[in-house]
Structure formats: structure tokens, C-alpha cells
Amino acid sequence: MSPQRTRLRLNGGAALRGTRAGAVRGLRLAAEHILTESRKRVPIEEATLERSGTATVDEADLTAAVSYDTPYAVRQHEELTYRHDAGRTAKYLEGPMAEQAGQAAEIIAAQLRRSLRG
């Protein structure tokens, strides 16, 4: 029996572009997941703080951010002595980020795998 030959061509540029696109998509979905979880804990009076939450992705640096943009967002996050409605807390972003880090990593990994199958 003669040996079989197989030729494999890899379009490295396309693979890298697809992987990068998957990473961006994964970061966006992971950031949105963290935002959703943190909104469940944001101190709420008139929902202004909750509505100010955003998830962004810097595609050039492959970084994601979740932020709240009101003059009092940082103070509400850091002040542990403030009283809040049931289920609403200080550290409304830090807590969900720590608790959901594994899930966020899974979301990113799933999108990377998907881009490689593409």
C-alpha cells in the first residue's frame, strides 16, 4: 500500500481576521453580560444610574469596559454605608464582574471557537 499524501492550505490572514472578529464579538457579548448582571444590583432611585450603564469594546486593543456615567456613579459604587433597596448594593459592578468572570471567559471562548469553524 502506497502512502497517501494530503495537502493542507492555511490562509493565515483570513484565519487571523476571523479570530480577531470572534474575539471582538466575544468581548462585546461578555461585556453586555456583565452589564446585565450589574444592572440587577445598581442602586435605584429614579433609574438614572442604571440607564447610564454602557458596555464598550476597543477593537484595536481587544479590551472591553463596562461603565456607569453619572456624577455620583463612583460614590454609589464605593460607599459601603449607603442604604439601598433590597437587592441593590454598593460594588454593583465589582461584585458581578468577579462572580461572572468565568462566564465571561466562556462567552469569549465560544465566540473564538465559532470564528475558527467559520
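Residues numbered from 1 in each chain as written. Predicted model: local features only at pLDDT ≥ 70, side-chain atom pairs only at ≥ 80, totals over all residues. Heavy atoms only, no water.

J.: How would you explain the environment of I44 if you had to name every residue and give the values?
T.: Tracing the backbone through its elements, the reader meets I44 in the loop between α1 (12-39) and α2 (48-51). Under the relative-accessibility criterion, I44 is labelled partly exposed at 29%. For the pair formed by I44 and R88, sequence separation is 44 residues and the distance between their alpha carbons is 7.2 Å. Aside from chain neighbours lying at most four places away, what touches I44 is E50, D85 and R88. (Helix = DSSP H or I, 4+ residues; strand = E, 2+ residues; numbered from the N terminus. Buried < 20%, exposed > 50% of the residue type's maximum accessible area, 1.4 Å probe, protein only. Contact = heavy atoms within 4.5 Å.)

J.: Before we move on, can you summarise the nonpolar core with the specific residues and values?
T.: Of all hydrophobic cores here, the largest spans 13 residues; its most connected members are L49, V66, Y68, Y92 and L93. Secondary structure elements with two or more residues in this core: α1 and α5 (101-117). It is α1 that provides the largest number of residues to this core, a total of 4 residues. (Core = buried A, V, L, I, M, F, W, Y, C linked by side-chain atoms within 4.5 Å.)

J.: Which residues make up α5, and what values go with them?
T.: For α5, which comprises 17 residues, the first-to-last C-alpha distance of 25 Å matches the rise-based estimate of 24 Å (1.5 Å per residue) to within 8%. Where α5 is concerned, the buried positions are A104, I107, Q111 and S115. All buried residues of α5 fall inside an arc of 70° around its axis, so they share one side. Away from its buried face, by an angle of more than 90 degrees, α5 presents the exposed residues L116 and R117. (Expected span 1.5 Å × (residues − 1). Arc of directions from axis to C-beta.)

J.: Explain the pattern of salt bridges to me, using residue names and the numbers behind them.
T.: Tallied over the full model, the rule gives 6 salt bridges. Between R28 and E59 there is a salt bridge; the shortest N-O distance is 3.3 Å. Placement of the pair is R28 in helix α1 and E59 in the loop between β1 (54-58) and β2 (63-67), with a sequence separation of 31 residues. E59 gets classed as partly exposed once you look at its relative accessible area, which sits at 44%. Among the ionic pairs, K91 bridges to E94, the shortest N-O distance being 3.4 Å. Given the relative accessible area of 24%, K91 is considered partly exposed. According to the relative accessible area criterion, E94 is partly exposed, its value standing at 46%. (Salt bridge = Lys/Arg side-chain N within 4 Å of Asp/Glu carboxyl O.)

J.: Which residues make up the confidence of the model for the protein chain, and what values go with them?
T.: Taken residue by residue, the protein chain gives an average pLDDT of 90. The fraction at 70 or more is 87%. For the protein chain, per-element mean pLDDT is lowest for α1, which scores 88, and highest for β1, which scores 97. (pLDDT = per-residue confidence, 0-100.)

J.: Tell me about the pairing of β2, and name the residues and values.
T.: Where β1 and β2 come together, 5 bridges link them in antiparallel fashion. Each bridged residue has a counterpart across the sheet, and for V57 the counterpart in β2 is A64. Counting the residues between successive antiparallel strands, the hairpin from β1 to β2 contains 4 residues, one of them, L62, with a positive phi of roughly 50°. (Pairing = 2+ DSSP bridges.)

J.: Run through the packing of aromatic side chains, naming residues and quoting values.
T.: This model, assessed by the stated rule, comprises 1 aromatic pair. Here Y68 and Y92 contribute two aromatic rings whose centre-to-centre distance is 5.2 Å and whose plane-to-plane angle is 90°, an arrangement assigned as edge-to-face. Residue Y68 is located in the loop between β2 and α3 (73-78), and its partner Y92 is located in the loop between α3 and α4 (94-99); the two are separated by 24 residues in the primary sequence. The buried category is assigned to Y68, whose relative accessible area is 11%. (Phe/Tyr/Trp six-rings, centres within 6.5 Å; stacked < 30°, edge-to-face > 60°.)

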